[in-house]
Amino acid sequence: MSKVENLKAEILKAQQDGDIASLYVLEQQAHDTLDEETIHGFYANILDLALERLTDTLESHRVMDMNEVQDFATLRALYEYAIEHYSAGKLSDASALFEVLSGLSNDKKFSLALKFHWIASKENLSLDDFLSKIADIDATQNAGTFYISCFKEEAQKLLNDSIIDAG
C-alpha cells in the first residue's frame, strides 16, 4: 500500500470511529500528502463529527471536559469553525457559535475567553479589530492555547460595557 493509501485508510478509520483527536494528529501528514480538495474534505469531516458531538452533548445536558481528548478536539474544531465565520464577516453566525461555546466547556478560562469573542462579534467588531484591539496575540502564543486566551485591558472594558448595556 502506498503512503497516500495508508494515510487515507488511517483517516477513514478515525472518521468511522468518530475520533476527532486522531484526525488532528493526522492533520500535518494530510497537508503534506493530499491535494487541496481532499484536505477540504478532511476538514469538512472533522466539522461534521464535531457538530454531531455538539448535538449529543447538548441533548445529554452535559458540558465538555477540556481534559478529555475527544471533547478537547471537538471544542477546537467548533472554535475553528466559529473563527472561520468571524473571518468571513458573518458576525451574527460567529456570535451565536461563540455564545454556545462559552457555555459548553467546564474550563472557566476557555468559557471567559469565548465570552470576549462572543461580545466582540455581537457588537459588530471585525475580526481584524478584535485581534488588534482586544486580543493579546503574543501572550496567547506564549500560553500555547488553541484559542485566543489572553486579552488587553480593552477587553474588560468591552465586557463591562456589554454587561451595563444588557442590564
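These numbers were taken from a predicted model, which means no experiment stands behind them. (Residues numbered from 1 in each chain as written. Predicted model: local features only at pLDDT ≥ 70, side-chain atom pairs only at ≥ 80, totals over all residues. Heavy atoms only, no water.)

Asker: Could you clarify how one ought to interpret the packing of helix α5 (residues 69-87) against helix α7 (residues 108-122) in this entry?
Answerer: In a pair of packed helices, the angle between the axes and the distance between the axes together describe the arrangement. Packing of α5 against α7 brings their axes to within 12 Å, and their N-to-C directions diverge by 15°. One way to sum up the angle between α5 and α7 is to call them roughly parallel. As α5 runs across α7, the sense of the crossing is left-handed. Between α5 and α7, the contacting residues are Leu-75, Tyr-79, Ile-83 and Tyr-86 on the first element and Phe-110, Leu-114, His-117, Ala-120 and Ser-121 on the second. Classifying every residue of the contact of α5 with α7 by side-chain character gives seven nonpolar, two polar and no charged. (Axes fitted to C-alpha atoms, helices over the stretch in contact; angles between N-to-C directions. Helix = DSSP H or I, 4+ residues; strand = E, 2+ residues; numbered from the N terminus. Parallel < 35°, antiparallel > 145°, perpendicular 65-115°, else oblique. Left-handed = near helix turned anticlockwise from the far one by under 90°. Contact = heavy atoms within 4.5 Å. Nonpolar A, V, L, I, M, F, W, Y, C, P; charged D, E, K, R; others polar.)

Asker: Before we go on, may I ask you to explain the nonpolar core in this structure?
Answerer: When a protein is soluble and globular, its nonpolar side chains tend to lie buried together. Tyr-86 and Phe-130 are the most contacted members of the largest nonpolar core, which has 49 residues in total. Those elements that provide at least two residues to this core are α1 (3-17), α2 (20-25), α4 (36-59), α5, α6 (91-102), α7, α8 (127-134) and α10 (153-166). What Phe-130 contacts, discounting residues up to four positions off in sequence, is Tyr-86, Phe-116, His-117, Ala-120, Leu-125, Ala-135, Ile-148 and Phe-151. (Core = buried A, V, L, I, M, F, W, Y, C linked by side-chain atoms within 4.5 Å. Buried < 20%, exposed > 50% of the residue type's maximum accessible area, 1.4 Å probe, protein only.)

Asker: Just to check I follow, could you spell out α7 for this structure?
Answerer: The periodicity of an α-helix, 3.6 residues per turn, causes residues three or four positions apart to be oriented the same way. Its 15 residues place the ends of α7 21 Å apart at the C-alpha level, agreeing with the 21 Å of an ideal helix rising 1.5 Å per residue. Within the span of α7, buried status applies to Phe-110, Ser-111, Ala-113, Leu-114, Phe-116, His-117, Ile-119, Ala-120 and Ser-121. Where α7 begins, the capping side chain belongs to Asp-107, and its oxygen is found 3.1 Å from the backbone nitrogen of Lys-109. Looking at the residues trailing α7, positive phi occurs at Asn-124, about 60°. (Expected span 1.5 Å × (residues − 1). Polar contact = N/O pair within 3.5 Å; in protein donor to acceptor, adjacent residues only side chain to side chain.)

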